[in-house]
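Residue-level structure breakdown
The residues making up each chain are set out below.
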Amino acid sequence: MANTMLHQTVGTLQLLSDSGTHCKVGNNSVRLLPKGFKVEVGFSERGTYSSGQRKFRVIQASASQTSVADPVLSPSNNGTHESRKKSNEAALILIRHGESLWNEKNLFTGCVDVPLTKKGVEEAIEAGKRISNIPVDMIYTSALIRAQMTAMLAMTQHRRKKVPIIMHDESEQARAWSQIYSEDTIKQSIPVIAAWQLNERMYGELQGLNKQETADRFGKEKVHEWRRSYDIPPPNGESLEMCAQRAVAYFKDNIEPQLLSGKNVMIAAHGNSLRSIIMYLDKLTSQEVISLELSTGIPMLYIFKEGKFIRRGSPVAPTEAGVYAYTRRLAQYRQKLDEMLH
Ligand SMILES: O=C(O)[C@@H](CO)OP(=O)(O)O
């Protein structure tokens, strides 16, 4: 029975009531979600609707089909504007690319474009399983293939099955040509942005050299200093500090605003570009960052809440319930996902 009446004209659609778990939108039966969800009826009829204290979100009210109110489509935006502002929470996933051919050969790689090995491909897929239940609204990768493939391979495992689509932001024309005109398609896709600023740090004259042979030649300490110190660059290459100047600046200018607006972001990048970002997130000193080592293909989760980054570690495995306990919001997301898919 309808205990709250909602009679509102939305373009050609009309919300009649919110009785039970469904309401009628035009000829469509629309499943309702709990209080606090936004009503979205197609592109032109998008909006937030409320009746008394209740708010609704309706997605896809297309012709004769039953519409499904889907918390997964935009789980990180699942509140009204105010509630989103209040919760101010988003997930940030960092993944170092899977093993590359030059990791396997123990060569300094830096900004050389090197493919994943078979093991690297498997690591990326495994990483995807670990994060398969965490909603992803945007993906950032470096301009290098090993990071881009890691992101794409990981997303093949995601339960939501959204399609990552590369945004072409390099010129006005590229932007215009890559425009997606279908609102439904936009909802079914995840924008991917490739940024050179997230590339591995440039290893200068060391690129292509074997790490062990270089240590034998220049001494273990010297090579360790080149590889791990904060401000000592390898010959003609970038120090971690120089790498941080571009990678952290990019993160602050481009990625943090997305997190601030409630979007969940995945970054697939490299050992040192991610070390510099983690240094910023975890407020590590230039001494502490020396011992920070990242494995290939292991996702790391952060929650961005009230302007702070809270490190949640690495999601353990696809079947582990643990990851959902990270926040109430992720637990709710998981529950909705289960309800929807079963
Ligand atoms: O060779 C490289 O580009 C990096 C990452 O693989 O090596 P390192 O661990 O020395 O920073």
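Residues numbered from 1 in each chain as written. Predicted model: local features only at pLDDT ≥ 70, side-chain atom pairs only at ≥ 80, totals over all residues. Heavy atoms only, no water.

The protein has the name phosphoglycerate mutase (2,3-diphosphoglycerate-dependent) in an unreviewed UniProt entry, where Durio zibethinus is given as its organism. The Sequence similarities (unreviewed entry) comment attached to the protein in UniProt states, word for word, "Belongs to the phosphoglycerate mutase family. BPG-dependent PGAM subfamily." (UniProt positions renumbered as here; feature names shortened; annotations may be inferred.)

1. Some words on the site of the ligand
Neighbouring the ligand are Arg-96, Asn-103, Leu-107, Phe-108, Thr-109, Gly-110, Glu-200, Tyr-203, Lys-211, Arg-227, Arg-228 and Asn-272. Between the ligand and the protein, one listed contact pairs an oxygen atom with a side-chain N or O atom of Asn-103 at 3.3 Å. Side-chain polar atom of Asn-272 to an oxygen atom of the ligand: 2.7 Å apart, as the coordinates give it. When the ligand is considered free in solution it has 310 Å² of accessible area, and contact with the protein chains removes 95% of it. Considered class by class, the residues forming the shell around the ligand number three nonpolar, four polar and five charged. (Near = heavy atom within 4 Å. Polar contact = N/O pair within 3.5 Å; in protein donor to acceptor, adjacent residues only side chain to side chain. Areas by Shrake-Rupley, 256 points an atom, 1.4 Å probe, with all protein chains shown as cover. Nonpolar A, V, L, I, M, F, W, Y, C, P; charged D, E, K, R; others polar.)

2. Some words on the pattern of salt bridges
Going through the model one piece at a time under the given rule, you end up with 11 salt bridges. One salt bridge connects Arg-175 with Asp-169, and the closest N-O pair in it is separated by 3.0 Å. Given a relative accessible area of 36%, Arg-175 falls into the partly exposed group. Owing to a relative accessible area of 48%, Asp-169 belongs among the partly exposed residues under this scheme. (Salt bridge = Lys/Arg side-chain N within 4 Å of Asp/Glu carboxyl O. Buried < 20%, exposed > 50% of the residue type's maximum accessible area, 1.4 Å probe, protein only.)

3. Looking at unusual backbone geometry
Even without glycine at this site, Asn-236 takes up a positive phi of about 60 degrees. Mapped onto the secondary structure, Asn-236 falls in the loop between α8 (220-228) and α9 (240-260). (Helix = DSSP H or I, 4+ residues; strand = E, 2+ residues; numbered from the N terminus.)

4. Comments concerning the packing of helix α7 (residues 211-218) against α8
Orientation of α7 relative to α8, taken along the N-to-C sense of each, is 125 degrees, at an axis distance of 6 Å. When the axes of α7 and α8 are compared, the pair comes out oblique. Within the contact between the two elements, α7 uses Lys-211, Thr-214, Ala-215 and Phe-218 and α8 uses Lys-220, Lys-222, Val-223, Trp-226 and Arg-227. Taken together, the residues that form the contact of α7 with α8 break down as four nonpolar, one polar and four charged. (Axes fitted to C-alpha atoms, helices over the stretch in contact; angles between N-to-C directions. Parallel < 35°, antiparallel > 145°, perpendicular 65-115°, else oblique. Contact = heavy atoms within 4.5 Å.)

5. Points about the pairing of strand β13 (residues 308-313)
In summary, the side chains of a regular strand alternate between the two faces of the sheet. As paired strands, strand β12 (residues 299-305) and β13 are joined by five bridges and run antiparallel to one another. What sits directly across from Leu-301, in β13, is Gly-313. Hairpin connection of β12 to β13: two residues between the antiparallel strands, including Glu-306 at a positive phi of 45 degrees. (Pairing = 2+ DSSP bridges.)

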